[in-house]
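Observations on the three-dimensional arrangement
Single-letter residue listing:
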Amino acid sequence: MGLKKYLATRGITMFGVLMVTLLLTIILVGSNMDIILKQGITFQVRAEITGDPKISDSFSDPAEFEAFVQDQIEQRVKALGLDTPWYSPQRIGLTMYKILILDFGHATFLTSDSGSSDVKDILLEKLPRTILLFTTATIIISIIGIFLGALAGSKVGSAVDRITSTFAVVSSSFPVWWIGMLMIFLFSFVYQIFPARATPSIPPTDPGYIAALLYHMALPVITIVMIGFGAWAYLVRNFMIGIMQEDFISAKRAMGISQKKIIYGHAIKNAAPPIITILALSLSGSLGGAIITEAVFDWPGMGRLYFEAITVMDLPVIIGATYVLTLFFLISILVADLLYGYFDPRVKTGS
Amino acid sequence: MSSVSASEIKKEFLKSKMGIAGIGILVILIAISIGAAVIIPVETFQQWNNPQNWIFYPKTAIPSWINLFMFEKIPEHKILDEPSVSTISLDEISGVSHQFHVNYVYDDFPSDFIYEFTAKYSGSPLLQISVIRPDGSNIKLLSASLPNTDDLVMHNEKIFSTDGTIKKNLFLQSDKFDFSIEGFSAEDIVFSKSTDNVVLKGDYVFLVNLYGVQKENSIVDSTLIVGGKAFGIMGTDELRRDLAVGILWGTPLALFIGIAVAIGSVVMGLVYGVYAGFKGKLTDESMMRFNDVIYALPVLPFLIILAVTISNSIFLMIGFLTIFGWVGIAKVSRSMALQIKTRGYVEASKMMGQKNSKIIFKHILPQLLPYAFASIAISVPAAITTEAGLSFLGLGDPSFPTWGQILHDANTHGAAARGLWWWIVPPGLMIAITGLAFVFLGNALDVIVNPKLKR
């Protein structure tokens, strides 16, 4: 299989997955959304008509008045296209088409901090914050993980190795959000070093905003790193063990090259493909996990937006956020695959 | 993959310290589950979200064992519902007397006291409440007649320490105290030394007498609550719930959720993967494409949407978690099936014209069993933490108190920033320990099943 064909197949699969995800989201949320919107219209129309005494005075018969109200509601429903059910092909098709041209429409309830209800504005405002938090954390995790893992892997059975492995196993069963609560308890209640809420209280236009954001970011980053680096170190350790048994490492050793140089020069280079793959995957994976972590720290990013959108059933925002999250996830899978192929040519040719 | 016999697995497993530790924790958790089911009535945990049920409990009370480490003892919350009962008969007047013994040894005043009773009476009997204090003095708290009635009725009433009559009665007895009791609340006076306003430690007796002319007058139900700031082994939360109930009942629920999801997804993935691998060609290709699609779905967002739109019933939740859990196992078992398929005995039985289903169930699946068991153990922690995470977001089944939900309530009431550690630490620790037990088990099994990892 050539690279072009490989890319084409992957691209088509990815596109299919994206469409399936969006379709599933619309199917799951659509019916509830319609009910909520229709109730909203009914409420609005009644409030408008009863609020205007001229209209209600012009009717003497209550049945006639009721018919007028119903007629008004129906007109409004029709104008929004809600008269055809949400599962009609036109409406689903229209929604999908709009998403494809990146037109997410307007949010029903939520707005961005600057007050815009355009879904694109909201997403563009939240996304950088989530990326900032999780990318920073993931990079720190991978640096600690690679060095600790390499150290542990080169001295199997040593104290470092045993501590690292035990820590990896133990930390993997701790929910990040619970550690987050403990960290808030420790560092904002017992020792008042960091703020309990991660949302800066000053407006984004303030020149000190970036500094405030970084300060508020400290506690979430420490928490994510604490829980994450153990598993990373363990993975790197296992790769290293495999590589340190290879013949070429024994050869280097026989040539008298120092252990340090072998580990950090030769062995790590060979462990790179799987490590980079996992790095790409964990970057996108962390975005999915952002929903709960951001809820604990009240971090104003994609995760919290997503959760808020679902609790108030804001369909355009849910679809937009799902789209972005899925897109990130798929792109990182593809990048991981390509990187793996680049480092390890055997994969690409399909052998 | 080499096949490993059951006795070999057992032998290897007993050698692994991790495996033994995992089994040990699991046995303790199962014991807790059985204990919870036996000790705590099912009704209590079904009442978890009913505020009525917790009305006598204190708000955010610290676990009472903390007093062992405290120099100044924090008042413990006492719910006394077994008074010593005696009957009184003086000529034509008869009555009942309920006595509550309170051993008060704390360094702070109680937050309040409440007396709740249900009396069966006719006429207009007199209710008298008084306290005999450790220093021997007797303080009258209340003397009031119950509403007049000609028929025999049941009467339920709560008398609070903030009651105006109690205050007035105390004021009339102000000569018993050397300091001015004006401005102090009833509990601060009743539990105070007579010389100055510090706690008088010792045995208090609360006397409740009901006098009447009719013989059938009686107090059916009688509870005295001396409010405190410490309660039980686990403390209580903002909604006055006894956390011990929630945490103990959370154990069987978490085990059930974790194991059900793990078994469900492993069985599903195994059958799917083996079938795809065994059939091969187009069936394999299309089944694996479908697998890829599920694999690429963002799990948590979808689980949230499902919980919000369809239902957050615990049983449906198990189903949803299974839907996303089987994918990886299907991939691995497919590749294993591809290898086993080429072995001589499978080829031979194919040639002999055996049915496909028989070959799969008799020759391929048994080979994958050790892997399946390891996968079940490894899948449990993820299922438990995912469910806990969803509950933490407030999407859990409200009819069952899970650990995730306790933490959700803690988070919405800002427990971490308010320092209510007993509300945060135990549920999370239980989630972590339960996860750890299965991680240990899974790792121990994994080492046996994949000899490559052994070193």
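Residues numbered from 1 in each chain as written. Chains lettered and ligands numbered in written order. Predicted model: local features only at pLDDT ≥ 70, side-chain atom pairs only at ≥ 80, totals over all residues. Heavy atoms only, no water.

**Examining the layout of surface pockets**
Residue and element names in this part refer to chain A. By volume, the second largest pocket is sized at about 710 Å³. Residue lining of the second largest pocket: 25 residues in total, with R91, T95, K98, L315 and P316 positioned closest to the centre. Where the lining of the second largest pocket is concerned, the elements lending two or more residues are α1 (3-51), α4 (89-100) and α12 (315-343). Of all the elements, α4 adds the most residues to the lining of the second largest pocket, at 6 residues. Residues that form the lining of the second largest pocket fall into these classes: 15 nonpolar, 6 polar and 4 charged. Two domains each put at least three residues into the lining of the second largest pocket: domain 1 (3-100) and domain 2 (119-343). (1 Å grid on protein atoms, 1.4 Å probe; cavity = no way out; pocket = protein on both sides within 12 Å on 5 of 7 lines; lining within 4 Å. Points joined across faces, edges and corners; volume = space filled by probe spheres on them. Helix = DSSP H or I, 4+ residues; strand = E, 2+ residues; numbered from the N terminus. Nonpolar A, V, L, I, M, F, W, Y, C, P; charged D, E, K, R; others polar. Domains from an automatic or database assignment.)

**Quick look at a nonpolar patch on the surface**
Residue and element names in this part refer to chain A. On the surface, I139, I143, F147, L151, V160 and Y264 cluster together to form a nonpolar patch covering roughly 500 Å² of accessible area. The element best represented in the nonpolar patch is helix α5 (residues 119-154), accounting for 4 residues. Within the secondary structure, Y264 is located in helix α10 (residues 259-297). (Patch = residues over 30% accessible without salt bridge, like charges linked within 9 Å, V, L, I, M, F, W, Y side chains within 5 Å. Areas by Shrake-Rupley, 256 points an atom, 1.4 Å probe, with all protein chains shown as cover. Salt bridge = Lys/Arg side-chain N within 4 Å of Asp/Glu carboxyl O.)

**A look at empty space enclosed by the protein**
Residues and elements named next belong to chain B. Taken as a whole and assessed by the stated rule, the structure comprises 2 cavities of 30 Å³ or more. In this structure, the largest cavity encloses a volume near 70 Å³. Forming the walls of the largest cavity are G250, L253, A254, I257, I384, E387, A388, T402, W403, G404 and I431. Sorting the residues of the lining of the largest cavity by element identifies α6 (243-279), α12 (356-392) and α13 (403-412) as the ones contributing at least two each. It is α6 that provides the largest number of residues to the lining of the largest cavity, a total of 4 residues. Here the lining of the largest cavity is composed, by residue class, of 7 nonpolar, 3 polar and 1 charged.

**Digging into the sheet that holds strand β1 (residues 78-80) of chain B**
All names here are of chain B. An order of β1-β9-β4-β7 is seen for the 4 strands of this open sheet, with the pairing classed as antiparallel. Here the strands that pair on one side only, and so sit at the sheet edges, are β1 and β7 (149-160). Strand-to-strand twist in this sheet, taken as the mean axis angle between neighbours without regard to direction, amounts to 10°. (Pairing = 2+ DSSP bridges. Axes fitted to C-alpha atoms, helices over the stretch in contact; angles between N-to-C directions.)

**Quick notes on the interface of chain A and chain B**
Note: interface size is frequently given as the accessible area lost on complex formation between the parts. Between chain A and chain B, the contact holds 41 residues from the first and 43 residues from the second. Here chain A and chain B share an interface that buries about 3700 Å² over both sides, 83% of which is from carbon and sulfur atoms. Where chain A meets chain B, there are 0 salt bridges. Joining chain A to chain B, the criterion identifies 2 residue pairs in polar contact (both at pLDDT 80 or more). Secondary-structure elements contributing two or more residues to the side of chain A that touches chain B are α1, α6 (159-172), α7 (176-190), α10, α11 (302-312) and α12 of chain A. Residue contributions to the side of chain A that touches chain B peak at 9 residues, all from α1(A). (Contact = heavy atoms within 4.5 Å. Buried area = accessible area lost by both parts, 1.4 Å probe. Polar contact = N/O pair within 3.5 Å; in protein donor to acceptor, adjacent residues only side chain to side chain.)

**Quick notes on the pairing of strand β9 (residues 218-226) of chain B**
Residue and element names in this part refer to chain B. In terms of strand pairing, β1 meets β9 through 3 bridges, oriented antiparallel. By the bridge assignment for β9, I79 is matched with I225. Bridge count for strand β4 (residues 113-123) against β9 is 8 bridges, and the pairing is antiparallel. Looking at β9, one finds that I114 is bridged to I225.

**Quick notes on the sheet that holds strand β5 (residues 126-132) of chain B**
Residues and elements named next belong to chain B. Pairing is antiparallel in the open sheet, where 5 strands are placed in the order β2-β3-β8-β5-β6. Edge positions in the sheet fall to β2 (84-90) and β6 (138-145), since each of these pairs with one other strand and no more. Geometrically, the sheet is characterised by an average inter-axis angle of 20° between neighbouring strands, direction not taken into account. Of the strand pairs in this sheet, β5 and strand β8 (residues 202-212) are connected by 7 bridges, and their pairing is antiparallel. What sits directly across from V131, in β8, is F206.

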